[in-house]
Amino acid sequence: MNKFDLIKKEILDILPKSPLAFEQIHAKLVLEWVLKLKPDADEALQIAALSHDIERAITGITEKDLDDYSKINEFKKEHSIRSANIITEILAKHDYSQNTINKVKRLVENHEFGGDQESDILKNADSLAYFSYNIPFNLKRMGREKTKLKIQFMYNRLSDDAKNLVNQIKFLDKDIKILVKEAIS
Ligand SMILES: [Fe+2]
């Protein structure tokens, strides 16, 4: 197995330790969306896609621990930094170049809010994966009101193009469809 395949496997093997049941599938979907949005995504962007939420599998901290949703931006920033530090350590162990390590670190640190072209791609892919898969799990774990706030966060941060892609997603579950409509219209 080459270094890139090994690192992807190591990340995917860690993710099921997360308290969130969707974690590993979510990561794979984010990578799929990244490759749809940018077919020539380099190794750094692909590694960032798989590992952007990796800290949850190590620390167990999730948004359920956030009592006051008005603090979501600080919470997300801290989550991003924790994930960036963890993937940095893993990459160093695999002897990745400092350039690649720095790039993955920056992308993971920026995945919630974007800020440059590739961080924006990762942020958009994260939301698209969220809308394609995570909502029923959120609803079960956090309840309707908190899930609605989460949906709004995941939608409002998007570029117009990515909002259009979200609007094309068909929600088969009627309750989810109503909830998403209420949240983003
Ligand atoms: Fe994510």
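Everything numeric here is computed off the predicted structure, so don't read it as measured data.

1. So, the coordination of the iron ion
For step 1, the next point in the chain: For the iron ion, the full set of protein donor atoms is H26 (NE2), H52 (NE2), D53 (OD) and D126 (OD), and the range of their distances to it is 2.1 to 2.3 Å.
For step 2, the next point in the chain: Considering all four donor atoms around the iron ion, the spread of angles at the metal, 79 to 177 degrees, places the coordination shape in the irregular class.
For step 3, the next point in the chain: As a motif over one chain, the donors of the iron ion read H-x25-H-D-x72-D. No difference in accessibility class separates H52 from D53, as the two residues are buried.

2. Notes on helix 1 (residues 3-14)
For step 1, the next point in the chain: Relative to the 16 Å expected for 12 residues at 1.5 Å per residue, helix 1 spans 17 Å between its end C-alpha atoms, a close match to the ideal helical length.
For step 2, the next point in the chain: All buried positions along helix 1 are accounted for by F4, I7, K8, I11, L12 and I14. Mapping the buried residues of helix 1 onto a view down its axis gives an arc of 160 degrees, with all of them on the same face.
For step 3, the next point in the chain: In this structure, the buried side of helix 1 is in contact with helix 2 (23-37), helix 3 (43-51), helix 4 (55-59) and helix 5 (72-93).
For step 4, the next point in the chain: A side-chain oxygen of the first residue of helix 1 lies 3.1 Å from the backbone nitrogen of F4; this N-cap is N2.

3. With respect to the pattern of salt bridges
For step 1, the next point in the chain: Following the criterion strictly, the structure yields 19 salt bridges and no others.
For step 2, the next point in the chain: Note that R82 and E55 form a salt bridge whose closest N and O atoms lie 2.7 Å from each other. Highlighted residues: R82 in helix 5 and E55 in helix 4, separated in sequence by 27 residues.
For step 3, the next point in the chain: Judged by relative accessible area, which is 1%, E55 ranks as buried.
For step 4, the next point in the chain: Here K148 and E182 are joined by a salt bridge, their closest N and O atoms 3.3 Å apart. Linking K148 in helix 7 (residues 117-156) with E182 in helix 9 (residues 174-184), this pair joins segments that are 34 residues apart in sequence.
For step 5, the next point in the chain: By sharing partners, the salt bridges in this structure join E63, K76, E112, D126, K150 and R157 into a single network.

The rules behind these values
- Residues numbered from 1 in each chain as written.
- Predicted model: local features only at pLDDT ≥ 70, side-chain atom pairs only at ≥ 80, totals over all residues.
- Heavy atoms only, no water.
- Donors = N, O, S within 2.8 Å, 3.2 Å for Na, K, Ca; no water.
- Tetrahedral: all angles 85-135°; square planar, octahedral: opposite > 155°, others 65-115°.
- Buried < 20%, exposed > 50% of the residue type's maximum accessible area, 1.4 Å probe, protein only.
- Helix = DSSP H or I, 4+ residues; strand = E, 2+ residues; numbered from the N terminus.
- Expected span 1.5 Å × (residues − 1).
- Arc of directions from axis to C-beta.
- Contact = heavy atoms within 4.5 Å.
- Polar contact = N/O pair within 3.5 Å; in protein donor to acceptor, adjacent residues only side chain to side chain.
- Salt bridge = Lys/Arg side-chain N within 4 Å of Asp/Glu carboxyl O.

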